[in-house]
Each structure stands twice: as C-alpha cells, then as structure tokens.
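So you can see what is in the structure, the chains are spelled out below.
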Amino acid sequence: MDIQMTAQDNLKLGVKTSRNATLALALLAFLKGIVGIYSGSTVLLADAVHTGLDIFATVAVWIGLKISLKSNVKHFPYGYYKAENIVALFVSLLILFSGVELLKEGFSGIKTSQELEFKGLALVTSVFSVLAIYALFIYKRNVGKRINSQSLIADAMHSYVDVFSSIIVVVAVLGSMLGASELDSLGVIVISLLIFKMGFESARDAVLTLMDAWLDEEASERIKKNIREIPGLIELEDLKLRKSGLVVFGEATVEVEGETDLKRVELLSEDIKTAVKKEVENLEHIVVHAKSVHRKNLRLAIPILDKNELQAKPSEHLGKAPYFLFAEIEEGRAGNWKILENLSSNSEKKRGVKAVELIIREKANVLVVRTVGEGPFYMLRDNFIKILRTPEEAATAGDILDKIRDLEEITTPME
C-alpha cells in the first residue's frame, strides 16, 4: 500500500539521491582521467575535468537539501526550505557557465589531431560515459519530479546537458581515429544554445520562487474550484500560495454564514487543506481566515409529507420526512424549487444523519424544521447550514417561504 510521503521524507530521499549521484560522478571522473592520461586523449582528459566540476553542482544540491532538513529556529520560523531554491539558482548559473565554455569550444573547433595509443579503450570509456551520465540524468530527474525538488530537477538538467558534451567526446575520439577532428564544432554551438535556454529557464524559476511567485495558475484555478464546492462556504475571497523549496505554504480568506467558533473554523480549515492537497504536493501549512457575513441568496431545505409542491405539508421530523423541498430564495423571492424523495426515511438507524447528508449534497445552506436531534444538529452546524424553526401556524411549505425572513433560529439540539 502506498503511503503519502512527508516533506521531510522527500528531503531525505533527495539527499540520498544527491549523495549517490556525487559518488557516481567522482568514480566516472576518476575513470575518464586515468584513461585520458593512459591513452593520450586530451579530449577525454578535459571531459574528466568537466565531470569533476559537475561534482560541485551535485554537492551543492546535496548541501541545500541537507540544510532544508534542519529544524525551525528563532530567526527562521518557516524553516530552511528556501535553501533549496538558492542552490537551484546556483546550479542554473553553472549550467550557463557550461554553455559559455562549450560555445568557446564550438567556435574554436577541435582542430588539433592526435594519435591515440589505446583508441579502443578511449572510445569504450567515452561511450560508457554517455550511458552513465544519461542514467544519472534519468535517476535524478525521476526522483526530483517525485519529490518536487527544483534543485534536483535543475541538477538533472545539468546532467542532461553533459550527455551531449559526452557525445561530443565520442565524436572527437572517433574523429581522431579517422583523422577528422572538426566534425563536432557545429554541434557544439547548437548544444551550447540549448544549454543557455535550459539554464535561463531554471534560473528564472528559481528567482521567481525566491520572490514568492506562484507559477502554476492552472492549479490555482482548480484549487479555487475545489474550495468553492465546500458545503457551507459562501465565497472564497482570496487565495495565496507560495513555494519554499519542496513545500508549499498558503493563505485563504473565505466568507461563512453567521458567527463561527474555533471548532467550525478548524473543520473548515481541514476541508480547505484537503481541497488544496488534491492539486498541490507537499502542502506544509495553510492559514484560513473566516469572515462572518449574511447571505443575500439562500438555498432552502424543508422536510415535507407529500409531493404537492408549495402546498405540501411540513414534516414534524427531519429523518422521517418522506420528501424534501429545495428552493432558491433570491432578494426575498422563492423560485427554482424541486422535490426530492428521502430514501432513508424508512431506515432503522441514523435517519437524521442520512437526511442531513442529502441536504449537504444539494448544497442547501438553510434548513427549516420543527425539531432536530443532537447528531444532525452538530452535523448541520459544522457544515455552516443555518437551522430555522418551522412556525406553528405554517400549514404548507408556501407558508414557510412567505415568512422565511422572520423565522427563529435553532441554536441547540431539541431531541
């Protein structure tokens, strides 16, 4: 069974991945350096130095993720998560630097032909380097996407760029073997331009994240839609999200009916948190501000005994009512009413609770009833559904609708 990973678990996985990648790069750089010296291939030796420099980028990611794991202290109440974004910016600059170096190499060309002593060994090593670095790219990219780590994904893109530079080494070795060492000059220039594009995009995202920009507008719209569907919520006034390293912090301002106590706000906060988590991984914390307002438009639920529309007689009981009338009240006028059968009216247990579930599904925000039990009462209250008392003189549902603005509110269970 899959268990949702916490932000700390994700950071630990990122640290492990960066550590493994660092060790792999160190071994690869050592191998290419030895073979480069042994075979006399200056291109392979230069690539060994390049791989050695890449270790610093991977170590930087490792350090950034390790710092993010530190506990919150006095001066960092939101943790060290943004250390990961700072490292992502640093890695992006390294990618741009690599692009400059390759661009220089492309314009100058590999013009110096040389006789290799162990051509087969140099060629095998350069091909192995391509495969090994590509495997590292896949490894870091997959883990980076899994844990949503910006720096690890940036480092994976750096490895992806190194795949092309390693291919250039293969071409250079083949060129030296065949007497044509200039074949890759144009390819180097093209690759360097791709590197600039990757480095710029990665640096841009890192800077925007450090400035608390939220880049996923589509996710924001889906989150807003999820929040607006929460029962009892009148309106979502504002939603702010920001990313800090792997984690996301948020703030939502919502409008609810009537006065709110701490328990109701806590329940509403959990519903909003769930709505955000449907679209955002690694949500660390979201603050909910609930503003008390009075609804202008109401969706009314009335338990009734028959299907005679507005002439239907009100039911004395919530759970035993065979039908419910739902009506829209806009600017004091009733309209768009419909009658639904209460399929749980003959149930032996929890009739009231099941009736409330129907009311919630129909998105009613006001219930008019004669009496209400403890379970249904708290269920209605926690979903911000106002409970009004059916007046004694009301003989029909129409009578209730006519007096809806004057009805007494039920504030405690009655059964």
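In case you missed it, the structure is sitting above this.
Residue indices follow the written sequence of each chain, beginning from 1 at its first position. Totals for whole chains, interfaces and linings use every residue, but because this is a predicted model, local features are given only for residues with pLDDT of at least 70 and side-chain atom pairs only at 80 or more, for both listing and counting. Excluded from the side-chain calculation are hydrogens and water; included are all heavy atoms of the structure.

1. Considering the overall build of the chain
Then step 1. Helix and strand counts for the chain stand at 11 helices and eight strands.
Then step 2. The burial tally for the chain puts 48% of its 415 residues in the buried class.
Then step 3. Throughout, a contact is declared for two residues whenever any of their heavy atoms are within 4.5 Å. Across the chain, the fraction of contacts at a sequence separation of at least 24, relative to all contacts at a separation of at least 6, is 67%.
Then step 4. Only the protein chains shown count as covering a residue, and every accessible area follows the Shrake-Rupley method with a 1.4 Å probe. Approximately 21,400 Å² of the chain is accessible, and the part contributed by carbon and sulfur atoms is 58%. The numbering of helices and of strands both runs from the N terminus, where a helix is a DSSP run of H or I of at least 4 residues and a strand a run of E of at least 2. When accessible area is computed with a 1.4 Å probe and restricted to protein chains, residues below 20% of their type maximum are described as buried, those above 50% as exposed, and intermediate ones as partly exposed.

2. Thoughts on the side chain of Arg370
Then step 1. Within the fold, Arg370 resides in the loop between β7 (366–369) and α10 (374–382).
Then step 2. Judged by relative accessible area, which is 11%, Arg370 ranks as buried.
Then step 3. In the analysis that follows, any N or O atom pair within 3.5 Å is treated as a polar contact, provided that within protein one partner can donate a hydrogen and the other can accept it, and provided that, for residues neighboring in sequence, both atoms belong to side chains. Of the polar contacts made by the side chain of Arg370, one reaches the side chain of Glu316; its length is 3.2 Å.
Then step 4. Within polar-contact distance, the side chain of Arg370 engages the backbone oxygen of Thr390 at 3.3 Å.
Then step 5. When sequence neighbours within four positions are dropped, the list of residues in contact with Arg370 reads Ser315, Glu316, Arg389, Thr390, Pro391, Glu392, Ile410 and Met414.

3. A closer look at the nonpolar core
Then step 1. Among buried residues, the Ala, Val, Leu, Ile, Met, Phe, Trp, Tyr and Cys ones that are joined through side-chain atoms within 4.5 Å form a nonpolar core. In this structure, Ile227, Val254, Leu268, Ile272 and Val276 are the most contacted members of the largest nonpolar core, which totals 21 residues.
Then step 2. Elements with a minimum of two residues in this core: α7 (217–228), β1 (233–244), β2 (247–257), α8 (262–277) and β3 (283–293).
Then step 3. For Val276, the contacting residues outside a window of four places in its chain are Ile223, Ile227, Leu241, Leu283 and Ile286.

4. Regarding the packing of aromatic side chains
Then step 1. Pairing of aromatic side chains requires ring centres within 6.5 Å, counting the rings of Phe and Tyr and the six-membered ring of Trp. Pairs whose planes differ by under 30 degrees are stacked, by over 60 edge-to-face, and all others tilted. According to the stated counting rule, one finds three aromatic pairs in the structure shown.
Then step 2. Residues Phe377 and Tyr378 carry aromatic rings whose centres are separated by 5.1 Å and whose planes lie at 85° to one another, so their mutual orientation is edge-to-face.
Then step 3. Classification of Phe377 as buried rests on a relative accessible area of 4%.

5. Quick look at unusual backbone geometry
A negative phi angle is the norm for most residues apart from glycine, just as the trans form is the norm for most peptide bonds.
Then step 1. Of note in this structure, Glu309 is not a glycine but carries a positive phi near 50°.
Then step 2. Along the chain, Glu309 falls in the loop between β4 (297–304) and β5 (323–330).
Then step 3. Positioned with a positive phi, Lys350 is a non-glycine residue whose angle comes to about 55°.
Then step 4. In this fold, Lys350 is placed in the loop between β6 (333–341) and α9 (351–361).

6. A closer look at the pairing of β4
Then step 1. Among the eight residues in β4, seven count as buried, and that is most of the element.
Then step 2. Bridge count between β4 and β7: two bridges; the pairing is parallel. Within the sheet, the bridge partner assigned to Leu300 lies in β7 and is Val366. Only when DSSP finds a minimum of two bridges between them are two strands counted as paired.

7. So, the pattern of salt bridges
Then step 1. For this document, the term salt bridge refers to a Lys or Arg side-chain nitrogen within 4 Å of an Asp or Glu carboxyl oxygen. Throughout the structure, instances matching the rule amount to 12 salt bridges.
Then step 2. Of the charged contacts in the structure, one is a salt bridge between Glu362 and Lys338, with a shortest N-O distance of 2.8 Å. Of the two residues, Glu362 sits in the loop between α9 and β7 while Lys338 sits in strand β6, which places them 24 residues apart along the sequence.
Then step 3. For Lys338, a relative accessible area of 35% gives the class partly exposed.
Then step 4. Overlapping salt bridges bring together Arg299, Glu328, Lys338 and Glu362 as one network.

8. A short note on the sheet that holds β5
Then step 1. The five strands lie next to each other as β6-β5-β4-β7-β8, forming an open sheet whose pairing is mixed. On the outer flanks of this sheet lie β6 and β8 (386–389), each paired with one strand and no other. Shown here is a sheet whose adjacent strand axes are inclined to one another by a mean of 25°, direction ignored.
Then step 2. Fitting a line to C-alpha atoms yields each axis, with helices limited to the stretch in contact; the angle taken between N-to-C directions then spans 0 to 180 degrees. Packing against the sheet, α9 makes contact with β4, β5, β6 and β7, and its axis sits at approximately 35° to β5.

9. Notes on the environment of Asp9
Then step 1. As for its position among the elements, Asp9 is in helix α1 (residues 7–39).
Then step 2. The class of Asp9 is partly exposed, set by a relative accessible area of 35%.
Then step 3. Along the backbone, Asp9 and Ile147 are 138 residues apart, and their C-alpha atoms lie at a distance of 8.8 Å.

10. Brief notes about α7
Then step 1. In a regular helix each residue adds 1.5 Å, so 12 residues correspond to 16 Å; α7 covers 17 Å between its end C-alpha atoms and thus fits that length.
Then step 2. Those residues of α7 lying buried are Ala219, Ser220, Ile223, Asn226 and Ile227. Seen along its axis, α7 keeps its buried residues to an arc of 125°; they face one direction. Residue count minus one, scaled by 1.5 Å, sets the expected span of a helix. Directions from the helix axis toward the C-beta atoms define the arc.

11. A word on the packing of α9 against α10
Then step 1. α10 packs onto α9 with a crossing angle of 20° between their chain directions and a minimal axis gap of 8 Å. When the interaxial angle is binned, α9 and α10 end up roughly parallel. Classified by chirality, the crossing of α10 by α9 is right-handed. Residues Gly352, Val353, Val356, Glu357 and Ile360 of α9 lie in contact with α10, whose contacting residues are Pro376, Met379 and Leu380.
Then step 2. By the convention adopted, Pro, Cys, Tyr, Trp, Phe, Met, Ile, Leu, Val and Ala count as nonpolar, Lys, Arg, Asp and Glu as charged, and the other residues, Gly among them, as polar. Within the contact of α9 with α10, the residues separate by chemical class into six nonpolar, one polar and one charged. In these notes the angle categories are as follows: under 35 degrees is roughly parallel, over 145 is roughly antiparallel, 65 to 115 is roughly perpendicular, and the rest is oblique. Put simply, a crossing is left-handed when the front helix is turned counterclockwise from the back one by less than a right angle, and right-handed when it is turned clockwise.

12. Some remarks on the environment of Ile138
Then step 1. Here Ile138 shows up in helix α4 (residues 119–147).
Then step 2. Distance from Ile138 to Ser159, taken between C-alpha atoms, is 9.0 Å for residues 21 residues apart in sequence.

13. Details of the side chain of Thr396
Then step 1. By the element assignment, Thr396 lies in the loop between β8 and α11 (397–402).
Then step 2. Discounting residues that sit within four places of it in the chain, Thr396 has contacts with Leu310, Gln311, Ala312 and Pro314.

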